[in-house]
Amino acid sequence: MMTAIINTVATMLKHHWFWGAMTLACLVWYSTITIYIAIKGIGDIRNMLRKLSGSKNQ
Amino acid sequence: MNNFTLVDGGIVGAYLLITMVAGVMVRKYVGKVEDFLLARREMDVYLGIASLAATEFGIVTCMYTAQNGFDKGFAGAVPGILTFLAMFLVGRTGFCIKPLRDSGVMTIPELFERKYGPRVRWASGVVIVLGGLLNMGVFLRIGGDFLVSVSGLDPKYLKVMMTALLVSVATYTILGGMLSVLITDFFQFIVMSAGLIITTFLILYKVGWSTLVDTVQTNYGEGGFNPFVNENMGWSYVIFNALLNTAAVLTWQTQIARVLAAKDSKTGRKVYTGTSFFFVARFLIPGIWGIAALALLTPQQVGGNSLMAMPKMLSIIVPPGIMGLLVAAMLAADMSTDSSYMLTWGSVIYNDIMAPFRKQKWSEKKGLFWNRTIIAVIGVFLLIYGLWYKIEGDLWTYLGITGTIYLSSMSVLLIACCYWKGANNWGATAAIIFGALVPAAILVLQKVGPLTNWFRKNDTSCGVATYIIVALGMIIGSLLKPQSQSPAKGNE
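First, a word on scope: everything that follows refers to the structure included in this document. Keep in mind the model is a prediction, meaning the values are calculated, not measured. (Residues numbered from 1 in each chain as written. Chains lettered and ligands numbered in written order. Predicted model: local features only at pLDDT ≥ 70, side-chain atom pairs only at ≥ 80, totals over all residues.)

### Section: the overall build of chain B
The condition is simple: Every helix listed is a DSSP run of H or I at least four residues long, and every strand listed is a run of E at least two residues long, numbered separately from the N terminus. Throughout, the radius of gyration refers to the C-alpha atoms, and the reference size of a globule is 2.2 Å times the residue count to the power 0.38. Remark: C-beta atoms are placed from the backbone, and a residue is labelled buried if 20 or more other C-beta atoms sit within 10 Å of its own, exposed if 12 or fewer do, or partly exposed between those counts. Contacts here follow a simple rule: the backbone-placed C-beta atoms of the two residues must lie within 7 Å.
When helices and strands are counted, chain B shows 23 helices and zero strands. For a compact globule of 492 residues, the expected C-alpha radius of gyration is about 23 Å, and chain B comes in at 22 Å, within 12% of that figure. Dimensions along the principal axes, computed over C-alpha positions, put chain B at roughly 70 × 55 × 40 Å. Evaluated residue by residue, chain B yields a buried proportion of 60% over its 492 residues. Residue pairs in contact within chain B that sit at least 24 positions apart in sequence constitute 87% of those at least 6 positions apart.

See below:
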């Protein structure tokens, strides 16, 4: 499995390295940011709703 | 042939239910117009990134970027790289968006009133809404075409599907405004991203990188990798897209709404820099799907319609289970875009076009009623326009031309408003007139007259010319205004 992934990455960087690197960067960045945003975004929603309900009660 | 099963239907149903419940539940927090339009400017960075990314990726985006991949190869993803650069630089420097957010306005035309007067504000509102709604008008049909093609649904249900989708989106947008949009965008971002990433890995696994590269090489040669040597692209395409995407980053109401809803200008800038690389993915991921369609489908299967090639390919290679996630992802993408677009164009109609009718301050209740009514009317317009308008040619070009109707003039007005003391209402008026007339004339000349072929072939050069003419209009118009009527002594 690991070998197959390494081979794929090597192929992507060998054949038209710019678009290969760009595609890899997209997939790695997008996967990471999705998980990060999914965790941190919940906190943002909680804070936003807390402030909105707080100011509404005042 | 398709792989949409009952399990996939269950995944889609669960997604729709969760989104609707979340969207409707937050309506209780809406008490004022500012809550409705800008979530009382309480949006923080991560929610902003999720919302901006989800809004700027709809089914229509997926379709035209995949079409770009199918028709132009990897070079078709160049607009994404240009948008990334523009958004990153604007976010880092705060160019225009910092003074805009710091001014505390609700819409861009509201800022224009301070520099150019109320008539320019009103005219800007009309141009923004006209350009934005023409642009958005095609979303529904394209989205419906995609879903019907991928899920294998009978095309006669297209209109019913489009209507049901719009009604559900309009319901939570009307009730909760920007709050509902932000909350649903967050869920939609996660579902959409999971679907996009998994489908892309699946395509790379099934088709293989070498096959994708070879397909592009065989069909387009070096032009499939390098836009400057592509016979359908070249310098004018790159320059036009650089101008178009920079203007969109600065003034596209749905993007700017995230800056205006942010807690402060620093948060707005972080949202821009944090989201910027998403725009590469926004073009490259569907572009790869389009190239996979080129590799896998025969010309007979494509049937001369490159726009529908990608959904046809997906209906064949995506297995059950993942198909449900893909359809849910695409529904998420479309719903987040539709809701945000309806809200933001509605905000301009209420805040700027209706401004002359609100000389006496309206109550919050009346303001909310009108905002909700406007969104409902936009929904009806979208249904009608989306059903009868038929796009000819490249979808991205159509969106570019209709978007240019306002992007060219509004970006010039905004830059001049923020950084040129000499700018005045004469220049602004000239820029608005040229910015609306030139793209509209090009759109007409592409359909009628003796030079239709020339205008179709040179559409990007015409687009570049529009930006130059509009900028010249602003400069010459402002300089022509007599000194006695300079801004210091009144613009009107």
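More follows now that the structure is in view.
### Here's the deal with the overall build of chain A
Within chain A, the regular secondary structure consists of two helices and zero strands. Relative to the globule expectation of 10 Å for 58 residues, the C-alpha radius of gyration of chain A, 20 Å, shows a markedly less compact shape. Once the C-alpha set of chain A is aligned to its principal axes, its extents read approximately 60 × 25 × 5 Å.

### Description of the packing of helix α8 (residues 118-136) of chain B against helix α21 (residues 425-445) of chain B
Residue and element names in this part refer to chain B. For the record, the criterion: Note on geometry: axes are lines fitted to C-alpha atoms, helical ones only across the stretch in contact, with angles between N-to-C directions running from 0 to 180 degrees. Comment on the angle field: the value is read as roughly parallel under 35 degrees, roughly antiparallel over 145, roughly perpendicular from 65 to 115, and oblique elsewhere. For any pair of crossing helices, the crossing counts as left-handed if the nearer helix is rotated counterclockwise from the farther one by less than a right angle, and right-handed if it is rotated clockwise.
Running from amino to carboxyl end, α8 crosses α21 at an angle of 15°, the nearest separation of the two axes being 10 Å. One way to sum up the angle between α8 and α21 is to call them roughly parallel. Here α8 and α21 pass one another in a crossing that is left-handed. Here V120, A123, S124 and V127 of α8 lie close against α21, whose contacting residues are N425, A428, T429, I432, G435 and A436.

### Here we look at the interface of chain B and chain A
The criterion, for reference: In this classification, Asp, Glu, Lys and Arg are treated as charged, Ala, Val, Leu, Ile, Met, Phe, Trp, Tyr, Cys and Pro as nonpolar, and every other residue, Gly included, as polar.
Counting residues at the interface gives 30 residues for chain B, matched by 28 residues for chain A. Counting only elements with at least two residues in the side of chain B that touches chain A, the list comes to α3 (45-55), α10 (158-207), α11 (209-220) and α15 (278-296) of chain B. Broken down by element, the side of chain B that touches chain A gets its largest block of residues, eight residues, from α10 of chain B. Here the side of chain B that touches chain A is composed, by residue class, of 23 nonpolar, four polar and three charged.

### What about the environment of E110 of chain B?
All names here are of chain B. Structurally, the position occupied by E110 is in helix α7 (residues 108-116). Judged by local crowding, E110 falls into the buried class, with 20 C-beta atoms found within 10 Å. Distance in space between the C-alpha atoms of E110 and D459 is 32 Å, their sequence separation being 349 residues. Ignoring any residue separated from it by four or fewer positions in sequence, one finds E110 in contact with V105, R121, N351 and D352.

### Section: α10 of chain B
For an α-helix the count is 3.6 residues per turn, leaving residues at separations of three or four pointing the same way. All names here are of chain B. Our working definition: What a helix is expected to span follows from its residue count: subtract one and scale by 1.5 Å. Fitting one axis to the seven residues ending at a residue and another to the seven starting there, the bend at that residue is the angle between the two axes.
The terminal C-alpha atoms of α10, which comprises 50 residues, lie only 30 Å apart, well short of the 74 Å expected from a rise of 1.5 Å per residue. The largest bend along α10 measures about 125° and falls at G176. Phi turns positive one or two residues past the end of α10, at G208, with a value near 90°.

### Considerations on the nonpolar core
All names here are of chain B. Just so we agree on the cut-off: Each nonpolar core reported here comprises buried Ala, Val, Leu, Ile, Met, Phe, Trp, Tyr and Cys residues connected via C-beta atoms within 7 Å.
With 186 residues, the main nonpolar core has M63, M178, A292, V327, A328, A329 and M330 as its most contacted residues. Here this core gets 20 residues from one element, more than from any other, and that element is α10. Contact partners of V327, with chain neighbours within four places excluded, come to F4, D8, V12, L147, V150 and S151.

### Structural notes on the environment of W19 of chain A
If you trace the backbone, W19 of chain A turns up in helix α2 (residues 17-57). A tally of 24 C-beta atoms within 10 Å means that W19 of chain A is categorised as buried.

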